[in-house]
Amino acid sequence: MRVLLLVSGFVVSMSGWVIGDPGSGFPEPEKPKPAAQARDSGFLMFFQNTALTDNRFTFAPQFRLAEDSGIKRFVFQLSGIPWNAEVSNWEAVDQDFARYRNENPGVSVAPRLLFEPPVGLAEWIKAGAVVNSKGERSGQVSPSSPDFLVHTKTALGSLVRHIEAGPNADRVWAYYLAGLETGEWIPWNYRKQGADYSAVSRDGFREWLGKRYASDEAFAAAWGKPGIRRDAAGIPVDSEGRFPMHPLPSDQPIISFYSLPEEQDWVDYSEYVSDLNVRWIRELSEVVRKETSKPIITFYGYIFELLGSMSGHLKARELLKEGTVQFLGGPVSYWPYTERLTGGVGAPMGAVDSLALHGVTYITEDDAQTHVTMPGIKVPAWYWDVSDSGHRAMKNAEETDNLHRRNLAFTAFHGTTTWWMDLIGAGWFSEQSTWDLWTGEFGQALRSINALPYRPTLAVIADEESRLYEKWSYSGFEETYPVLRNAAMACGAPVGFYYLDDFLEGRVPQCEAYLFVNAWRLSPERLDKLKARLSKEKATVIWQYAPGYLNPAGGGVAGVKATTGFDVEVDEGRLGSKGVGPCDGLSFGGKNLIKPRILIPDQEAEPLARYATGELSAAVKTVSGHRNILVADIGWTSDLIHRLMGNLAYTDRPAVVQCSDRLLYVYAVRDGVLRIKAPAGKTFPGGEVVKTVDLARGESRLLELKPK
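Residues numbered from 1 in each chain as written. Predicted model: local features only at pLDDT ≥ 70, side-chain atom pairs only at ≥ 80, totals over all residues. Heavy atoms only, no water.

A. Layout of the overall build of the protein chain. The secondary structure content of the protein chain amounts to 20 helices and 31 strands. Relative to the globule expectation of 27 Å for 708 residues, the C-alpha radius of gyration of the protein chain, 25 Å, shows essentially globular dimensions. The dimensions of the protein chain, computed from C-alpha atoms along their principal axes, are 75 × 75 × 45 Å. Long-range contacts, defined as pairs at least 24 residues apart, comprise 76% of the intrachain contacts of the protein chain with a sequence gap of at least 6. Accessible surface for the protein chain amounts to roughly 25,800 Å². Of this, 50% is attributable to carbon and sulfur atoms. In the protein chain, 75 positive and 86 negative side-chain charges are present, and the distance between their average locations comes to 2 Å. (Helix = DSSP H or I, 4+ residues; strand = E, 2+ residues; numbered from the N terminus. Rg over C-alpha atoms; globule rule 2.2 N^0.38 Å. Contact = heavy atoms within 4.5 Å. Areas by Shrake-Rupley, 256 points an atom, 1.4 Å probe, with all protein chains shown as cover. Lys, Arg positive; Asp, Glu negative; His and termini not counted. Charge placed at Lys NZ, Arg CZ, Asp CG, Glu CD.)

Listed below in structure tokens is the structure:
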């Protein structure tokens, strides 16, 4: 059933002024420098998981459809990497390449190299196995094992030399480096067991501490343990039942941050794990670089997706600034699973728009199950998606089409790239109608704007460093990251996702609004840069929860006030808010007790929401000439962010919006009528400045824009 939504307009007024009143004279951002290697076939590639021997019969028909649709770049999983450098058998590798060569010699491939040696292969694997807190050894090798890294580099070098010296060299357009859990550099089993307690992990951590701290005295002071030495430090042990990571019951308080200095060991271990991943990717990239200048792909940087401070994904900017990789990516978000399906927002896992600022291209792995499955398919045991309550296949060709429209639009407008992936080799892309979307008018229109610079209306800005200090591992994280990101995606305006350091360095383009996700820890230098830019730009600024609370020069309420300009207090109370004033009628927020809970007893601020206990949980005031909004509760909704955006939103209710100078794309997350306004200085064909469309959830429109 369609619902007609009656609206009174786009403006949300507050004491005579407007949230998000659009400014003028914003300079165009510097044009991103995307990696050119993926552009000759547009921005779509194809990846079939050829490692599945049972389902390889689905390869040929999908390959032909992709190639007939103009796809020139493919990705495939090598069957195996020879780990014995002295006696290498390349038969399986050569057969994988031959499969592509035999189908069509005109395409290029990127082999996915999964660094996962067979269990029991050598003594160095047994000695370097991951160990849980109970002392139990797993079947996986710890990335802290120096032998593992050496053997991997040796095997990789041997493999790349073989490929580059053989008949397949001119067919390889990139090398895809994959490691650890799911090949995405996720620490083995960390969400269940936490840290890795193996001897190699302990020794690696101690070596890292030796470089992190200038002396044992500095180390002992940081950890609050007089007399402790760096070479005697141990891996931190959880004594509070955090693992396996799980939602907390509502009567159990969320502890937001590690207590310092008592829990500095967890902060340091968390940073060590991320540094370890960066080291692996950097050193493996160097091995490839010695043999070829071809681009390098890896998946990394899931700041909005992976639980816990020890996720290993919190140093992505280290890879960006060093130019280590040319393509960095990840799948469409899994949190929650339903949001990756038709009707969901299809959010990215990382700060995707920061990549182009460093000349790196983001890859979206579009691997949702379509409406097609070929006969005779065997579902592999590792395909965990089917156990998720939200998982389902697309119902029909129309639903598959709607899903791909949403994801291709994100790719095109953000200037990124994507591959359609048949994850289990089931023939998901074996129907012509699926490819018609790409070859038709919609695909052609998107290809015309893919290389244009992207300037969002709302920049969502996240900080890698601050995440290292978070003690919450499920409840708290869920509301603050994936829930917020999904809500922002549907705020009714173009959204970009960036790292805080890129904002402070002036790389992030000037936007009409900024949403700071987690600016918990700000040194005086970082805070000065942040405030200087905000004061200069006069944009709408939206803060989540407790910005500046961990300021090393003076945190707590003083740090929050110094950062946001609001008077605040703290207690330990329950989350959950009701909107008032301009946010009247809205309900949002978590359900748990939380420590600290931020209260806003600011007499100069206009109320936006209150906790059930009556204190202000959200408010707005003018600070240094810009509109400042603090929402201290966590667990936001798209309705809340849409309301906060005011007339910066292009739609009269929540929807996903992408926009360029020539095209506007709108995607419905609810059934009903949408009123869409054209950007400033633009009209729709025919001179309309507001267009009304009736869309079911999951449907979308691509609209042309004309100069006014």
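Read on, since the account is not over.
B. Molecular detail of empty space enclosed by the protein. Across all of its chains, the model carries six cavities of 30 Å³ or more by this definition. Quantified by volume, the largest cavity comes out at close to 180 Å³. If you go around the largest cavity, you meet 19 residues; those closest to its centre are Pro 143, Pro 187, Asp 196, Tyr 269 and Val 273. Examining the composition of the lining of the largest cavity, we find that five residues originate from one element, helix α8 (residues 264-291), more than from any other. For the lining of the largest cavity, the residue count by class is twelve nonpolar, six polar and one charged. (1 Å grid on protein atoms, 1.4 Å probe; cavity = no way out; pocket = protein on both sides within 12 Å on 5 of 7 lines; lining within 4 Å. Points joined across faces, edges and corners; volume = space filled by probe spheres on them. Nonpolar A, V, L, I, M, F, W, Y, C, P; charged D, E, K, R; others polar.)

C. Main features of the pattern of salt bridges. Counted under the stated rule, the structure contains 43 salt bridges. Taking the shortest distance from any N to any O, the salt bridge between Glu 615 and Arg 597 comes out at 3.6 Å. Placement of Glu 615 in the loop between β22 (606-611) and β23 (616-623) and of Arg 597 in strand β21 (residues 593-599) is noted, with a sequence separation of 18 residues between them. Each of the salt bridges in this network shares a partner with another, and the network as a whole consists of Arg 317, Asp 463, Glu 465, Asp 501, Asp 502, Glu 505, Arg 507, Arg 521 and Arg 526. (Salt bridge = Lys/Arg side-chain N within 4 Å of Asp/Glu carboxyl O.)

D. Expanded view of the pairing of strand β15 (residues 495-499). Of all the five residues making up β15, five are buried; the element is thus mostly covered by neighbouring parts of the structure. With five bridges joining them, strand β14 (residues 458-462) and β15 adopt parallel strand pairing. Pairing of Val 460 across the sheet is with Phe 497, part of β15. (Buried < 20%, exposed > 50% of the residue type's maximum accessible area, 1.4 Å probe, protein only. Pairing = 2+ DSSP bridges.)

E. Structural view of the confidence of the model for the protein chain. Per-chain confidence: the protein chain averages 91 in pLDDT, with 92% of residues scoring 70 or above. Segment residues 1-41: pLDDT under 50, and 100 contacts once partners within four positions in sequence are set aside and those in other chains are kept. (pLDDT = per-residue confidence, 0-100.)

F. The arrangement of the layout of surface pockets in detail. The space that makes up the largest pocket amounts to roughly 1,700 Å³. Together, 50 residues line the largest pocket, and Glu 181, Thr 182, Glu 184, Trp 382 and Trp 384 are the ones closest to its centre. Of all the elements in the fold, those that place two or more residues in the lining of the largest pocket are β5 (108-115) and α5 (190-193). Broken down by class, the residue content of the lining of the largest pocket amounts to 31 nonpolar, eight polar and eleven charged.

G. Here's a closer look at the side chain of Asp 265. Relative to the helices and strands, Asp 265 is located in helix α8. For the buried Asp 265, no salt bridge exists, and the shortest N-O distance to an oppositely charged side chain is 4.3 Å, to Lys 225. The residues contacting Asp 265, other than those within four sequence positions of it, are Phe 205, Trp 223, Lys 225 and Pro 236.

H. The arrangement of the packing of helix α11 (residues 397-413) against helix α12 (residues 432-439) in detail. Across the interface, α11 lies against α12 with an axial gap of 10 Å and an inter-helix angle of 35 degrees. Read as a crossing pair, α11 and α12 show a hand that is right-handed. Contact residues: Ala 397, Thr 400, Asp 401, His 404, Arg 405 and Leu 408 in α11; Ser 433, Thr 434, Leu 437 and Trp 438 in α12. Across the contact of α11 with α12, the residue classes break down as four nonpolar, four polar and two charged. (Axes fitted to C-alpha atoms, helices over the stretch in contact; angles between N-to-C directions. Left-handed = near helix turned anticlockwise from the far one by under 90°.)

I. Here's a closer look at the sheet that holds strand β9 (residues 254-255). Reading across from one edge, β9-β21-β18 is the order of the three strands in this open sheet, with mixed pairing throughout. Two strands in the sheet have a free side with no partner beyond their single neighbour: β9 and β18 (569-574). Judged from the five bridges that link them, β18 and β21 form a sheet pairing that is antiparallel. Bridged to Asp 571 within β21 is Arg 597.

J. How the structure looks around unusual backbone geometry. With an omega of -10 degrees, the peptide bond between Phe 243 and Pro 244 qualifies as cis. One can find Pro 244 in the loop between α7 (216-223) and β9. Of the consecutive residues Lys 595 and Pro 596, the connecting peptide bond is found in the cis state with omega at 0 degrees. If you trace the backbone, Pro 596 turns up in strand β21. The phi torsion at Tyr 545 lies on the positive side, around 65 degrees, for a residue other than glycine. Within the secondary structure layout, Tyr 545 lies in the loop between β17 (540-544) and α19 (556-564).

K. Layout of the packing of aromatic side chains. The full count for this structure, using the stated rule, is 48 aromatic pairs. Ring centres 5.8 Å apart and planes at 55 degrees place the aromatic pair Tyr 334 and Tyr 337 in the tilted group. For the pair Tyr 334 and Tyr 337, a shared accessibility class is recorded, and that class is buried. Aromatic pair Tyr 383 and Trp 428: ring centres 6.2 Å apart, planes at 55 degrees, arrangement tilted. Taken together, the residues Tyr 383 in the loop between β12 (361-366) and α11 and Trp 428 in the loop between β13 (417-422) and α12 connect sequence positions 45 residues apart. Tyr 383 gets classed as buried once you look at its relative accessible area, which sits at 3%. The buried category is assigned to Trp 428, whose relative accessible area is 0%. (Phe/Tyr/Trp six-rings, centres within 6.5 Å; stacked < 30°, edge-to-face > 60°.)

L. Representation of the pairing of β13 in the model. With six of its six residues buried, β13 lies for the most part within the structure. Side chains of β13 alternate between two faces, with Thr 417, Trp 419 and Met 421 and Thr 418, Trp 420 and Asp 422 buried alike. With four bridges connecting them, β12 and β13 associate as parallel partners. Bridge pairing links Asp 366 to Trp 420 in β13. As for the winding sense of the linkage, the β-α-β connection from β12 through α11 to β13 is right-handed. (Right-handed = clockwise from strand over helix to strand, strands pointing away.)

M. Seen up close, the sheet that holds strand β25 (residues 656-659). Taken in spatial order, the three strands line up as β25-β26-β30 in an open sheet, and their pairing is antiparallel. Whereas interior strands pair on both sides, the edge strands pair on one side only; in this sheet they are β25 and β30 (700-704). Direction aside, neighbouring strands of the sheet carry axes that sit 15 degrees apart on average. In the sheet, strand β26 (residues 663-667) pairs with β30 via five bridges, with the strands oriented antiparallel. Of the residues in β30, the one forming a bridge with Leu 664 is Leu 703.

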